[in-house]
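Fold and contact review
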Amino acid sequence: MTQSKTPFIVVLSLALTMMLGPFSMDTYLPAFPVIGESLGIAQQAVSLSVSVYVFAMAFGQLIGGALSDRFGRQRVLMSGLAIFALSSIFIGMADSLNTLLVGRAVQALGAGFTLVSVPALVRDRVSGRDAAKLFSLMGFIMVLAPGIAPSVGSAILALGSWHTIFFALAIYAVLLVPLLVRVIFTGTGKVSRAKSPKMSLLARYKLVLSTKPALPFIVWQAASFSTLMMFITYASFIYQGHFGQSPSSFSMLFAANIVAMLIFNILNRVLLSRLSSLRILQLATGCQGVGILLLVMAAFMEWPLYAFLPAMMLTIGAIGAISPNIQACFLEYFPTSGGTAAALLGAAQFGVAGLLSALSAMLPHTLEAVILSMAACGSVAYLMLARSIIKGQADVEAN
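Residues numbered from 1 in each chain as written. Predicted model: local features only at pLDDT ≥ 70, side-chain atom pairs only at ≥ 80, totals over all residues. Heavy atoms only, no water.

Looking up the protein in an unreviewed UniProt entry gives the name Bcr/CflA family efflux transporter, with the organism given as Vreelandella nigrificans.

Below you can see the structure in the form of structure tokens.
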């Protein structure tokens, strides 16, 4: 088995790589009004770029994950960074909505190749509770990205145009290359992973899908992540449109939800010394369910912002403990096909979230409609929670 103690520089490098995802989704959120004005389109049309990005990332992960099992993590990850950097430059020169959407789709493919390699690299190193702790520590660092990304975007807007945001993303991707080569693939972080059997991409996915005990975690992750994606897609509308907050206030309000995720992440790391990943996952999902119930009440009873915000923080914050434990529980089933398994998990969460985000554009552009969309996603996660508890009780009685 691989080492249980992972050097912090390895964790940091993997987390910085994962941060590419939230940075590419959240940095340009404050620029939505400016982008709409620049391209001569409505702000709601700009929101399509989020849905396109998420959906295309799912496709990129499906391809990249199986390829990383077959040809190695380094080739796929570096190819993803190259695609991401070049497409970011292309977006930076966009002058129409179609150009923006095409660029975001290609950018997402590169991000998919990159991001799907990280959980596989973790699974190559550790498993079980150690994997949950490593995912949690990475998440503690990575979750800072959504918190600071809008502020970074606002700062770039103050100094230049919205195009500059995407040029900065290209630079970030390029800077990751020497770091990963030095730390992950040639330095102290390099490990020898379990040999993967030679088989086609379809055969790899068939193998993962035939592992029935692992499949509920895919649904669980997709539902929980869709709740987050609904919030990200409509965060600007919620805080700037509905509650009338300024771009700078929006950045702080958005960051408040990330602080909540950090708190849950820290609690998760503490609890992992006492409880199993599954038990913590169940508790966190229960907290998210309470948060969603409060959000529904806040929306329909027209609570003020100071009362609405804590409910949103509880709903979004719980994901800080949900996500790392789902990954750990799910990948435990796949010691030799970590890339393919991570791809399926990632593709499901991004694909479902992207599709639901796009479909939500047909709903009334109101706070109530947004919150009900989040509640629908959260209810599916809650059903997975109930299922896991019932199954656990049945297993205990059987033994």
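Picking up where we left off.
Before going further, it helps to examine the domain arrangement of the protein. Its domain assignment divides the protein into domain 1 (8-184) and domain 2 (200-398). On a C-alpha basis, the centres of domain 1 and domain 2 stand 19 Å from each other. Listed as interface residues are 45 residues of domain 1 and, on the opposing side, 51 residues of domain 2. Here domain 1 and domain 2 share an interface that buries about 4,000 Å² over both sides, 66% of which is from carbon and sulfur atoms. Remark: the boundary between domain 1 and domain 2 carries zero salt bridges. Applying the counting criterion to the domain 1 and domain 2 interface returns two residue pairs in polar contact (both at pLDDT 80 or more). Put simply, the parts of the chain that give the side of domain 1 that touches domain 2 at least two residues each are α2 (20-26), α4 (43-46), α5 (48-71), α7 (97-125), α8 (128-142) and α9 (144-159). Among the elements that make up the side of domain 1 that touches domain 2, the one with the highest residue count is α5 (15 residues). Along the lines of polarity and charge, the residues of the side of domain 1 that touches domain 2 split into 24 nonpolar, 14 polar and seven charged. (Domains from an automatic or database assignment. Contact = heavy atoms within 4.5 Å. Buried area = accessible area lost by both parts, 1.4 Å probe. Salt bridge = Lys/Arg side-chain N within 4 Å of Asp/Glu carboxyl O. Polar contact = N/O pair within 3.5 Å; in protein donor to acceptor, adjacent residues only side chain to side chain. Helix = DSSP H or I, 4+ residues; strand = E, 2+ residues; numbered from the N terminus. Nonpolar A, V, L, I, M, F, W, Y, C, P; charged D, E, K, R; others polar.)

Now for the state of the cysteines. The full count for this structure, using the stated rule, is zero disulfides. With no disulfide of its own, C329 lies closest to C287 among cysteine sulfurs, the gap being 16 Å. (Disulfide = S-S within 2.5 Å.)

As a further point, take the nonpolar core. Counting 126 residues, the largest nonpolar core has F231, I238, Y239, F308, M312 and F330 as its most contacted members. No other element matches helix α12 (residues 215-242), which puts 15 residues into this core. Counting the residues that make up this core, at least three belong to each of domain 1 (8-184) and domain 2 (200-398). Apart from the residues within four sequence positions on either side, I238 is in contact with F231, F243, F308, M312, L367 and V370. (Core = buried A, V, L, I, M, F, W, Y, C linked by side-chain atoms within 4.5 Å. Buried < 20%, exposed > 50% of the residue type's maximum accessible area, 1.4 Å probe, protein only.)

With that settled, the discussion passes to the packing of helix α6 (residues 73-92) against α7. Axis separation between α6 and α7 bottoms out at 8 Å; the angle between their running directions is 155°. Taken together, α6 and α7 sit at an angle that is classed as roughly antiparallel. Of the two possible hands of crossing, α6 and α7 adopt the one that is left-handed. Classifying every residue of the contact of α6 with α7 gives 13 nonpolar, nine polar and three charged. (Axes fitted to C-alpha atoms, helices over the stretch in contact; angles between N-to-C directions. Parallel < 35°, antiparallel > 145°, perpendicular 65-115°, else oblique. Left-handed = near helix turned anticlockwise from the far one by under 90°.)

Looking at the secondary structure, you find S49 in helix α5. By relative accessible area, which is 0% here, S49 ends up buried. Of the polar contacts made by the side chain of S49, one reaches the side chain of Y28; its length is 2.6 Å. From its side chain, S49 meets the backbone oxygen of V46 in a polar contact 2.6 Å long. Beyond its immediate sequence surroundings of up to four residues, S49 is in contact with Y28, L100, L101 and R104.

Positionally, R104 belongs in helix α7. Along the sequence, R104 and V54 sit 50 residues apart, while their C-alpha atoms lie 9.2 Å from each other.

Mapping Q61 onto the fold places it in helix α5. Residue classification places Q61 among the buried positions, given a relative accessible area of 4%. Within polar-contact distance, the side chain of Q61 engages the backbone nitrogen of A347 at 3.0 Å. The contacts of Q61, once residues within four sequence positions are left out, are G112, L115, V116, Y205, A343, G346, A347 and F350.

On to the packing of aromatic side chains, then. Taken as a whole, this structure holds 12 aromatic pairs when the rule is applied. For the ring pair Y239 and F308, a centre distance of 6.5 Å and an interplane angle of 80° mean the geometry is edge-to-face. Taken together, the residues Y239 in helix α12 and F308 in helix α15 (residues 305-317) connect sequence positions 69 residues apart. The pair Y239 / F308 is uniform in exposure class, with both members buried. Measuring from centroid to centroid gives 5.2 Å for F330 and F334, while their planes differ by 55°, and the two rings are tilted. In terms of burial, F330 and F334 fall into one category: buried. (Phe/Tyr/Trp six-rings, centres within 6.5 Å; stacked < 30°, edge-to-face > 60°.)

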